[in-house]
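One-letter residues, chain by chain:
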Amino acid sequence: NTYYIMKRRKRIYALCLALLLGAQAVKAQKATVSPLPQRIEWGEKAFDRSAPIQLVGADRMDADALQVLRESSLALCNEATVKLVVGKVGDKAVAKYKKLVPTQAEGYYLKVTPQEIVVAGRDASGTFYGVQTLLQLFSQPKVMQCEVTDWPSVSCRGVIEGFYGNPWSHEDRLRQFDFYGRHKMNVYV
């Protein structure tokens, strides 16, 4: 009788361990988004990070957002099963998402599904910030389905450069500007 009880306990422990590890594996695929969006809802795996992405409407896209996408590690190509649609309110490409875009300045709506990625900004800054969040989502080997609605809580977000020692070099400042863009900051003094 003791033998069967011990065997049953081992099975229960093994099942609990498997469930725990499975939950951790799903959680581990969620990318860290910084700063934390106002709202983010996660789903299952959408596709692998290396999946080819077809950029739709690049000729009408915000120039800064387009440059960031082209300089990224995304596998952009002319034909792919995953389409990336980027625009701001008023652009035909994202017209059907207009009601989902927050009304606050610099806000954006982002949705990732296995077939399509949509980044719709309230304005050019919102579009740029949405693209930055998208690139953060691609930091994991498997890109998860998600829906993000975000806008800044404060209008000025940034850094004041002030030193008691040596100031930053020109190269240091350029690296800082890249960092500010990735983290949706808009002020440098």
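Residues numbered from 1 in each chain as written. Predicted model: local features only at pLDDT ≥ 70, side-chain atom pairs only at ≥ 80, totals over all residues. Heavy atoms only, no water.

S.K.: When you look at the nonpolar core in this model, what are you seeing that I'm missing?
M.R.: When a protein is soluble and globular, its nonpolar side chains tend to lie buried together. Counting 31 residues, the largest nonpolar core has Phe 47, Leu 69, Leu 84, Leu 110, Val 112, Ile 117 and Leu 134 as the members making the most contacts within it. For this core, the secondary structure elements donating two or more residues are strand S1 (39-48), strand S2 (52-56), helix H2 (63-71), strand S4 (82-88), strand S5 (108-112), strand S6 (116-121), helix H3 (124-137) and strand S7 (142-150). The element that contributes the greatest number of residues to this core is H3, accounting for 5 residues. The residues touching Leu 134, leaving out its near neighbours within four places in the chain, are Leu 69, Leu 84, Leu 110, Val 112, Ile 117 and Val 119. Counting residues in hydrophobic clusters, the runner-up holds 7 residues, among them Val 94, Tyr 97, Val 101 and Tyr 109. (Core = buried A, V, L, I, M, F, W, Y, C linked by side-chain atoms within 4.5 Å. Buried < 20%, exposed > 50% of the residue type's maximum accessible area, 1.4 Å probe, protein only. Helix = DSSP H or I, 4+ residues; strand = E, 2+ residues; numbered from the N terminus. Contact = heavy atoms within 4.5 Å.)

S.K.: When you look at the packing of aromatic side chains in this model, what are you seeing that I'm missing?
M.R.: Describing an aromatic ring pair means giving the distance of the ring centres and the angle of the ring planes. Under the defined criterion, the tally for this structure stands at 7 aromatic pairs. For the ring pair Phe 179 and Tyr 180, a centre distance of 6.4 Å and an interplane angle of 75° mean the geometry is edge-to-face. Judged by relative accessible area, which is 4%, Tyr 180 ranks as buried. By the ring-pair criterion, three or more aromatic residues cluster together here, those being Phe 177, Phe 179, Tyr 180 and Tyr 188. (Phe/Tyr/Trp six-rings, centres within 6.5 Å; stacked < 30°, edge-to-face > 60°.)

S.K.: Hey, could you run me through unusual backbone geometry in this one?
M.R.: Residues apart from glycine generally show negative phi values, whereas peptide bonds are mostly found in trans. A cis geometry characterises the amide bond from Ser 34 onward to Pro 35, with omega recorded as -10°. When you line up the elements, Pro 35 lands in the loop between helix H1 (2-28) and S1. Backbone geometry places Glu 106, a non-glycine residue, at a positive phi of 65°. Inspection of the secondary structure assignment puts Glu 106 in the loop between S4 and S5. Positive phi outside glycine occurs at Lys 184, with the angle close to 60°. The exposure class of Lys 184 is buried, given its relative accessible area of 5%.

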